[in-house]
Amino acid sequence: MFKKIAVLNGDGIGPEVTRQSVKVLKAIAEQFDHDFQFTEALIGADAIDKTGSPLPVETIDICVDSDAILFGAIGHPKYDNDPTAKVRPEQGLLGLRKALQLFANIRPVTTYTTLHFLSPLKSKNITGVDFIIYRELTGGIYFGKKELTSDGTTAIDECVYSRHEIERISHLAFQAAQKRRKKLTLVDKANVLETSRLWRKVVQEMAPAYSDVAVDYLYVDNAAMQIILNPKQFDIILTENMFGDIISDEASVISGSLGLLPSSSIGSKTALFEPIHGSYPQAAGKDIANPIGSILSTAMMLDHLGLTEEALLVRNAVEWTIENRFVTKDIDPVNFYFTSTVGELIIDFIHKNFFDRVNNENIELRKSTII
Ligand code: IPM
Ligand code: MN
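## A few points about the overall build of the protein chain
Stage number 1. A count of helical and extended segments in the protein chain gives 14 helices and twelve strands.
Stage number 2. Taken over C-alpha atoms, the radius of gyration comes to 21 Å for the protein chain, in line with the 21 Å a tight globule of 371 residues would show.
Stage number 3. Counting all 371 residues of the protein chain, 53% fall into the buried class.
Stage number 4. Considering only intrachain contacts with a sequence separation of at least 6, the fraction spanning at least 24 residues in the protein chain is 75%.
Stage number 5. For the protein chain, the exposed area adds up to about 16,000 Å²; of that, 54% sits on carbon and sulfur atoms.
Stage number 6. Computed over 38 positive and 48 negative side-chain charges, the separation of the two mean positions in the protein chain equals 4 Å.

## Some details on the side chain of Arg168
Stage number 1. If you trace the backbone, Arg168 turns up in helix H7 (residues 163–178).
Stage number 2. Buried and unpaired, Arg168 has no salt bridge, with Glu136 as the nearest side chain of opposite charge at 4.4 Å.
Stage number 3. Here Gln101 takes part through its side chain, which lies 3.0 Å from a polar atom of the side chain of Arg168.
Stage number 4. Among the polar contacts made by the side chain of Arg168, one reaches the side chain of Thr138 at a distance of 3.4 Å.
Stage number 5. Every residue in contact with Arg168, bar those within four places of it in the chain, is listed here: Gln101, Phe103, Glu136 and Thr138.

## Things to note about the packing of aromatic side chains
Stage number 1. On inspection of all chains with the given rule, the structure shows seven aromatic pairs.
Stage number 2. On the numbers, 5.8 Å between centres and 65° between planes, the contact of Phe131 with Phe234 is edge-to-face. In this pair, Phe131 is assigned in strand S5 (residues 130–136) and Phe234 in the loop between helix H9 (220–229) and strand S10 (236–239), connecting sequence segments 103 residues apart.
Stage number 3. Using a relative accessible area of 0% as the deciding quantity, one classes Phe234 as buried.
Stage number 4. Seen in terms of ring centroids, Phe336 and Phe338 are 5.8 Å apart; in terms of plane orientation they differ by 90°. Their pairing is edge-to-face.
Stage number 5. An aromatic cluster of three or more residues is present, and its members are Trp320, Phe326, Tyr337 and Phe349.
Stage number 6. Above the ring of Phe143, the side-chain terminus of Lys98 is found at 4.7 Å from the ring centroid.
Stage number 7. Stacked on the ring of Tyr142, the Lys or Arg Arg135 has its end atom at 5.3 Å from the ring centre.

## Comments concerning the pattern of salt bridges
Stage number 1. All told, the structure shown has 22 salt bridges when counted by the stated rule.
Stage number 2. Put simply, Lys189 and Asp221 hold a salt bridge, and the shortest N to O gap is 3.1 Å. Placement of the pair is Lys189 in the loop between strand S8 (183–188) and helix H8 (194–206) and Asp221 in helix H9, with a sequence separation of 32 residues.
Stage number 3. Judged by relative accessible area, which is 45%, Asp221 ranks as partly exposed.
Stage number 4. One salt-bridge network, held together by shared partners, links Asp130, Arg180, Arg181 and Asp235.

## Things to note about the domain arrangement of the protein chain
Stage number 1. By the assigned domains, the protein chain splits into domain 1 (1–101 + 269–371) and domain 2 (110–238).
Stage number 2. Centre-to-centre, using C-alpha coordinates, domain 1 lies 25 Å away from domain 2.
Stage number 3. Of the residues lining the interface, twelve residues belong to domain 1; the matching set on domain 2 comes to eleven residues.
Stage number 4. Buried area between domain 1 and domain 2, summed over both chains or domains, comes out near 1,100 Å², and the portion from carbon and sulfur atoms is 67%.
Stage number 5. In this assembly, domain 1 and domain 2 are joined by zero salt bridges.
Stage number 6. Linking domain 1 with domain 2 are two residue pairs in polar contact (both at pLDDT 80 or more), by the criterion used here.
Stage number 7. Here the side of domain 1 that touches domain 2 is built from residues that sort into five nonpolar, one polar and six charged.

Reading the values: the criteria
What you see as residue numbers is a count from 1 along each chain, following the sequence as written. Here chains are named by letter from A upward and ligands by number from 1 upward, in the order in which they appear as written. Only residues with pLDDT of 70 or above have their local features reported here, since the model is predicted, and side-chain atom pairs are shown and tallied only from 80 upward, although totals for entire chains, interfaces and linings are computed over all residues. Here the side-chain values reflect all heavy atoms present in the structure, with hydrogen atoms and water set aside. A run of H or I in DSSP counts as a helix once it spans at least four residues, and a run of E counts as a strand once it spans at least two, with each numbered from the N terminus. For the radius of gyration, the atom set is restricted to C-alpha positions; the globular benchmark scales as 2.2 Å times the number of residues to the power 0.38. Burial here depends on accessible area, computed with a 1.4 Å probe over protein chains only, as a share of the maximum for the residue type. Under 20% is buried, over 50% is exposed, and the range in between is partly exposed. Residue contacts are counted whenever heavy atoms from the two residues lie within 4.5 Å of one another. Surface exposure here means Shrake-Rupley accessible area, sampled with a 1.4 Å probe, where a residue is shielded only by the protein chains that are shown. Neither His nor the chain ends contribute to the count of charged residues, in which Lys and Arg are positive and Asp and Glu negative. We put the charge of a Lys on NZ, of an Arg on CZ, of an Asp on CG and of a Glu on CD. We count a salt bridge whenever a side-chain nitrogen from Lys or Arg sits within 4 Å of a carboxyl oxygen from Asp or Glu. As used in this structure description, the phrase polar contact means that two N or O atoms lie within 3.5 Å; if the pair is within protein, one of them must be able to donate a hydrogen and the other to accept it, and residues adjacent in sequence are counted only when both atoms belong to side chains. Pairing of aromatic rings covers Phe, Tyr and Trp, the last through its six-membered ring, and needs centres within 6.5 Å; plane angles under 30 degrees mean stacked, over 60 mean edge-to-face, and all others mean tilted. Any Lys NZ or Arg CZ that is within 6 Å of a ring centre and within 35 degrees of that ring's normal is treated as a charge sitting over the ring. Start and end points for every domain follow an automatic or database-based domain assignment. Buried area: the sum, over both parts, of the accessible surface (1.4 Å probe) that disappears when the two are put together. Here the nonpolar group is Ala, Val, Leu, Ile, Met, Phe, Trp, Tyr, Cys and Pro; Asp, Glu, Lys and Arg are the charged ones; every other residue, Gly included, is treated as polar.

Next comes the structure, spelled out in structure tokens:
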């Protein structure tokens, strides 16, 4: 199968984790006889430094012309504490989401038994946690009118949602629930916000068409508490842009490390795949960042391209590294492996265990790796 993949490294640890993912995709292509063509494009602080713009037109063109986008991370400390900066790296990602109409951001949250000790939550509460956040990504307060009065004393961020925007992501969320445990939780603030009341109304109206799915509603403040108290209760969480941003970072503590979680952003054009972590500038260039969030994002990409066997192999490879404690510093600060080594090990698994993935072979494989 021939596929064009745009590679947007971005800032901080973006390039080094993305490099591992490209290696993994190349290994998959080789193993399954596919032809993946990679084209790099600029975004974020890196793009500002090189072109003056966080999202050069050429980058949008390359993305539109591709079958999938692999995205690294965005953000640079030099902009973080400068509220007056007119040009910001984040505008690159937000602009790309808008340009490609990537309206649904899908963030699965799962746990690995061997990593339960990392989570601040009790192991008994996180065993078997398996839910997916469907976060609306191109509307709400992120994209509403922004204003600062000329005297600089008052600021406005408008939050706008239309029925159409709510319906299109809700359909995806309902369909996902139908394929899983058939439970959908809408997270909103309908006791206060008009936009939330519209979300609730639209979802209530859609629910009868998905009669096999049980729907419940939670205010976001309560949801924030429930995600920590009893995360097992969730199957699909559907929510608007800002609430989704906040609760998905919160949910990452369940798995123990922000570095483990992947995401996909789906729209009407090319879909984008990225780890949920940020640019982690303190770790940039040190080869210590966790590449798993990015590598699992490639598994989501492969699924999206219809390559399910390939995606499964990537996930099995990741599980194998975790079970054998081939992990980066965020997970094991003492006996840790480098970003690039974890990438190599995953590739090793992909090549050697293609036909048979039994545990015995995994153990033998451990001997034959580069360690
Ligand atoms: C995310 C990030 C972005 C967001 C930033 C970098 C603009 O936090 O993808 O969750 O807020 O959406
Ligand atoms: Mn975020």
